[in-house]
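Inside the fold
Residue strings, one per chain:
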Amino acid sequence: MSRKSLAFHKDVIEGKRKAYAWGLGGAMQYLLLQAPYRFDGIIDGLAKDDSKGTVSGIPLYSPDVLSQLDPLETTIVVFADPIRFFRQIKRQVRRYGEFPVVMPFVEFRDYPLLSGDKQVRSEARVYWRSRLRHALHDMRGAESIKPVKNRVALWNYALAKGGAERQLVLLALGLRKLGWEVDFITIGKDQPKTDSWANEMRLAGVNRFILPTQRDYLSIVEEDSRERAIASYLGPYFVLPALHEMVATATILWDRKPELLISYLDYSNIVAAIAAVASGVPKILMSGRNVAPSQFPGLRGFPIKKHELKGVYRSLLELPGVYLCNNSQSGAESYRRWLGLASDSGKISVVPNAVSTPVSSVHSDVRKSFNLGATSPLIVGVMRFSEEKCPQGFVDVFERVLSRHPDAHAILVGDGALKSQIQKVVAERGLTRQLHFAGMQDLSYPFLRAADLLLLTSRMEGMPNVILEAQSVGCPVVATRVGGVMEAMAPVLHSNVFEFQDWESMAARCSELLTDPDRRKWEGSQARKYLLENRDSVTLAKQTLAACERVEAEDIGCHSRRAFDVNACSSPIA
């Protein structure tokens, strides 16, 4: 929020201006609870005449009310969807005068910025971080639910085509095989190319829950309810839609009463863990991304400012029954250093990724669809086209391989922001006839079965699912020595791992494997045997549950328990 906009909010807080909200969107009740001041009216931008009605005791008006107000004494706060309507609302308001039009105020984010003094701002940030920390401790000290034994809630932003999502599906399947009742909670509908995963869970008896929209919660949050209490309590700290997602998730958890909640990736971890704390779930396990978010400068879209993320994680991990895991030693160490945790804190575990065992062995369709002969040397890459995956490195290695094997082909499976750039590079180098783009696919297995080897050129990784998948079908792997790659590889393949950007050595090893089919077959069979013995979904489930075993009853009970007081939570913490 700009300093100018903050000044208008400050005037309202200090009583120098009146605030009018604009819009009757689904977020309205949350925004009313979040505001540190009372609104004198709510403007319905679509109304033709002034209404006699009220919303939460606040008068409802048409835009014409602005003709009776002084722009120097009034601030318009946009409650409608800002992405879709902010500019349109500003134009509509300007018809009545030069009223300031601003976004809603969130205390944790915006209060420290009200002062022009750097020292005061710094002290304010410390103060608000402390308030949030105490709020989380206060909620954790409330009475816990009476959990249903062997019922677990898995939470992720969506069922999307990604590595973390695949692991969450495998975890759900593994837990079902162990006799657990599994609730799989997401924010929205399943994204493309995930039908096979959704079907696997359906056949296994996994319960699916999709959070209701903010509009669906209008009346619930308006009432004197648990949901309103949580929204009021957390409102000063978290932006929408994350605040709603916390409240809606808490509703499901109150109803379902799981003994354990597990979430994957940073956004999901913060939203789901805080909802679980608020609803009294006894055990909470968060799973991080391949490395700490500080290693992704361009990563955005968190329920709180990115620079505050570390503090929220630390506050959560202070609580009894809340733990963090990662899929590789390198990833766990990255989070430990970022969070400043002692190496013997016991708060971060390593749970290696699993891989499913594909049923079919047919792969001829892939080669036919790209007009490749049955014996043409074929290298496959499966990746998101992003900087850390280094798709350009794949092109560089393959170009070197072609100098040794002019009849070789490569297929890149995946999509992402850099795809068009890489396609341009391929065209400029004259590789379009031999390097093919398959786009996003529902399954990678047909491509891996068709391949002579998998090539991974990433700059950064956790424990790559595609390496596990390749080994599970007997496909040898050549990869960069980054993150948890060595942990993902069967020992027989460790000699195929090279330093990042050592493209010449990687090309030479690819060439050796393409030249020696017996070696490829032996490496692939040994890798497959290793994977089937060590990385199935049941093993994943057992290791995940083992990571939670340190959450002992006395750990949960060491904090005093009391009922969560709705009235005490109906306003921000004093």
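Residues numbered from 1 in each chain as written. Predicted model: local features only at pLDDT ≥ 70, side-chain atom pairs only at ≥ 80, totals over all residues. Heavy atoms only, no water.

This model, assessed by the stated rule, comprises 15 aromatic pairs. Ring plane angle 65 degrees and centroid distance 6.4 Å describe the contact between Tyr-237 and Phe-238, whose orientation is recorded as edge-to-face. With relative accessibility at 0%, the residue Phe-238 sits in the buried group. Taking 5.9 Å as the distance between ring centres and 80 degrees as the angle between the ring planes, the aromatic pair formed by Tyr-335 and Trp-338 counts as edge-to-face. Taken together, the residues span about one helical turn, with Tyr-335 and Trp-338 both in helix α13 (residues 329–339) at a distance of 3 residues. For the pair formed by Tyr-335 and Trp-338, the shared burial category is buried. Among the aromatic residues, those joined into a ring-pair cluster are Phe-105, Phe-108, Tyr-111, Tyr-127, Trp-128, Tyr-237 and Phe-238. (Phe/Tyr/Trp six-rings, centres within 6.5 Å; stacked < 30°, edge-to-face > 60°. Buried < 20%, exposed > 50% of the residue type's maximum accessible area, 1.4 Å probe, protein only. Helix = DSSP H or I, 4+ residues; strand = E, 2+ residues; numbered from the N terminus.)

What follows is about the side chain of Arg-121. Structurally, Arg-121 is set in helix α5 (residues 118–140). Buried charge without a salt bridge: Arg-121, with Asp-117 as the nearest opposite-charge side chain at an N-O distance of 6.8 Å. Dropping the residues within four chain positions of it, Arg-121 is found in contact with Arg-3, Pro-112, Leu-113, Ser-115 and Gly-116. (Lys, Arg positive; Asp, Glu negative; His and termini not counted. Salt bridge = Lys/Arg side-chain N within 4 Å of Asp/Glu carboxyl O. Contact = heavy atoms within 4.5 Å.)

Okay, the sheet that holds strand β17 (residues 453–456) next. Pairing is parallel across the open sheet formed by 6 strands, whose spatial order is β16-β15-β14-β17-β18-β19. The sheet is open, and its two edges are formed by β16 (435–439) and β19 (497–498), each paired on a single side. Examined bridge by bridge, strand β15 (residues 409–413) and β16 share 4 bridges and lie parallel to one another. Of the residues in β16, the one forming a bridge with Ala-410 is Leu-435. Where helix α18 (residues 465–472) meets the sheet, its contacts fall on β14 (378–382), β17 and β18 (477–480), and the angle it forms with β17 comes to roughly 170 degrees. (Pairing = 2+ DSSP bridges. Axes fitted to C-alpha atoms, helices over the stretch in contact; angles between N-to-C directions.)

Counted by the stated rule, this structure contains 0 disulfides. Here Cys-475 is not cross-linked by a disulfide; its sulfur's nearest cysteine counterpart is in Cys-510, at 11 Å. On the accessibility criterion, Cys-475 (2% relative accessible area) is buried. (Disulfide = S-S within 2.5 Å.)

Read from one edge of the open sheet, 7 strands run β9-β8-β7-β10-β11-β12-β13, paired in parallel fashion. In this open sheet, the two strands that pair with only one neighbour each are β9 (207–210) and β13 (348–350). Taken over all neighbouring pairs, the strand axes of this sheet differ in orientation by 25 degrees on average, direction set aside. The pairing of strand β7 (residues 148–155) with strand β10 (residues 258–264) spans 5 bridges and is classified as parallel. Residue pairing across strands places Ala-153 opposite Leu-261, the latter belonging to β10.

With 14 residues, helix α11 (residues 266–279) extends 20 Å from end C-alpha to end C-alpha; this agrees with the ideal 20 Å at 1.5 Å per step. Counting buried positions over the 14 residues of α11 gives 14, a clear majority of the element. Phi for Gly-280, located one or two positions after α11, is positive at around 85 degrees. (Expected span 1.5 Å × (residues − 1).)

Structurally, Ala-354 can be placed in the loop between β13 and α14 (364–369). With 125 residues separating them along the chain, Ala-354 and Ala-229 place their C-alpha atoms 40 Å apart. Beyond its immediate stretch of four places on either side in the chain, Ala-354 contacts Gln-167, Leu-170, Asn-465, Leu-468, Arg-535, Asp-536, Ser-537 and Leu-540.

Moving on, we come to the nonpolar core. By size, the foremost hydrophobic cluster in this structure holds 62 residues, and its most contacted members are Met-139, Phe-238, Ile-270, Ile-274, Met-286, Tyr-313 and Leu-316. The dominant element in this core, judged by the number of residues it contributes, is α11, at 10 residues. Every residue in contact with Leu-316, bar those within four places of it in the chain, is listed here: Leu-136, Ile-270, Ala-273, Ile-274, Val-277, Met-286 and Val-322. The next biggest cluster of nonpolar side chains, apart from the first, holds 34 residues, and it includes Leu-448, Ala-450, Ala-488 and Met-489. (Core = buried A, V, L, I, M, F, W, Y, C linked by side-chain atoms within 4.5 Å.)

With that out of the way, let us pick up the layout of surface pockets. Empty space among the atoms becomes visible once a probe the size of a water molecule is rolled across them. Of the volumes computed, that of the second largest pocket is approximately 1500 Å³. Ala-27, Ala-80, Asp-81, Pro-82 and Leu-240 are, among the 50 residues lining the second largest pocket, the residues nearest its centre. Contributing elements (two or more residues each) for the lining of the second largest pocket: α2 (28–34), α3 (82–94), α4 (107–110) and α10 (242–256). No other element matches α3, which puts 7 residues into the lining of the second largest pocket. (1 Å grid on protein atoms, 1.4 Å probe; cavity = no way out; pocket = protein on both sides within 12 Å on 5 of 7 lines; lining within 4 Å. Points joined across faces, edges and corners; volume = space filled by probe spheres on them.)

Moving on: α18. The buried count for α18 comes to 8 of 8 residues, which makes it a mostly enclosed element. Within α18 the residues assigned to the buried category are Asn-465, Val-466, Ile-467, Leu-468, Glu-469, Ala-470, Gln-471 and Ser-472. Gly-474, located one to two residues past α18, shows a positive phi value of around 75 degrees.

Before going further, it helps to examine the packing of α10 against α11. Running from N to C, α10 and α11 cross one another at 50 degrees; their axes reach a closest spacing of 8 Å. Of the possible angle classes, the one that applies to α10 and α11 is oblique. Regarding α10 and α11, the two cross each other, and that crossing is right-handed. Mapping the contact onto sequence places Ala-242, Glu-245, Met-246, Thr-249, Ala-250, Leu-253 and Trp-254 in α10 and Tyr-267, Ile-270, Val-271, Ile-274, Ala-275, Ala-276, Ala-278 and Ser-279 in α11. For the contact of α10 with α11, the per-class residue count stands at 12 nonpolar, 2 polar and 1 charged. (Parallel < 35°, antiparallel > 145°, perpendicular 65-115°, else oblique. Left-handed = near helix turned anticlockwise from the far one by under 90°. Nonpolar A, V, L, I, M, F, W, Y, C, P; charged D, E, K, R; others polar.)

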